[in-house]
Amino acid sequence: MLTYDDALNLNYYKLASFTGWMNGMRFLIRRETPDEGDAIFHAWVWPGPYIFDLTPDERKMDFTAPFSADGKRGIVDWINEQYESHPELWSQTSKPME
């Protein structure tokens, strides 16, 4: 499982995105600033083994939260929930994508 400490501190996201892998499930967390409003966290999960840019959008799930400590906790909780809720997706990473 991804922990709150694993997800790094808020200052990290001002400069870079965070990617990782959990037993067949890949994830990406980044900070985005909409044209209007405050910055947000945007996170995606998808079945590996391919990177984000090589995975079709229809295979990705995403979630947003405010860019804050509470938002980071929400992102981590959502990623862990996706991992636990969809084991069938992550167990098929050795099969080629269609």
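Can you explain the overall build of the chain? Please cite residues and give values.
When you go through the chain residue by residue, the secondary structure sums to three helices and four strands. Ordered by position from N to C terminus, the α and β elements of the chain give α-β-β-β-β-α-α. Counting contacts in the chain only where the partners sit at least 6 residues apart, residues at least 24 apart contribute 49% of the total. Just so you have it, the chain exposes about 6100 Å², and 48% of that area is on carbon and sulfur atoms.

Can you tell me about the nonpolar core, naming the residues and giving the values?
Residues Leu2, Tyr13, Phe27, Ile29, Val45, Ile75 and Ile79 are the most contacted members of the largest nonpolar core, which totals 19 residues. Looking at this core, the elements with two or more residues in it are strand S1 (18-22), strand S2 (25-32), strand S3 (40-47) and helix H2 (69-85). With four residues, H2 is the single largest residue contributor to this core. When neighbours within four sequence positions are excluded, Val45 is seen to be in contact with Met25, Arg26, Phe27, Arg59, Lys60, Met61, Trp78, Ile79, Gln82 and Trp90.

Go over a nonpolar patch on the surface, please, and point to the residues and values.
A cluster of nonpolar side chains, Tyr50, Ile51 and Leu54, forms an exposed patch at the surface whose accessible area comes to about 300 Å². Residue position: Tyr50 is located in the loop between S3 and strand S4 (61-66).

Describe H2, and please don't skip the residues or the numbers.
Helix length check: H2 (17 residues) gives 24 Å between terminal C-alpha atoms against 24 Å at 1.5 Å per residue, within 8%. Along H2, the residues that are buried comprise Gly71, Lys72, Ile75, Val76, Trp78, Ile79, Asn80 and Gln82. In this fold, the buried residues of H2 make contact with helix H1 (10-13), S1, S2, S3, S4 and helix H3 (87-90).

Thresholds, definitions, all that
Residues numbered from 1 in each chain as written. Predicted model: local features only at pLDDT ≥ 70, side-chain atom pairs only at ≥ 80, totals over all residues. Heavy atoms only, no water. Helix = DSSP H or I, 4+ residues; strand = E, 2+ residues; numbered from the N terminus. Contact = heavy atoms within 4.5 Å. Areas by Shrake-Rupley, 256 points an atom, 1.4 Å probe, with all protein chains shown as cover. Core = buried A, V, L, I, M, F, W, Y, C linked by side-chain atoms within 4.5 Å. Buried < 20%, exposed > 50% of the residue type's maximum accessible area, 1.4 Å probe, protein only. Patch = residues over 30% accessible without salt bridge, like charges linked within 9 Å, V, L, I, M, F, W, Y side chains within 5 Å. Salt bridge = Lys/Arg side-chain N within 4 Å of Asp/Glu carboxyl O. Expected span 1.5 Å × (residues − 1).

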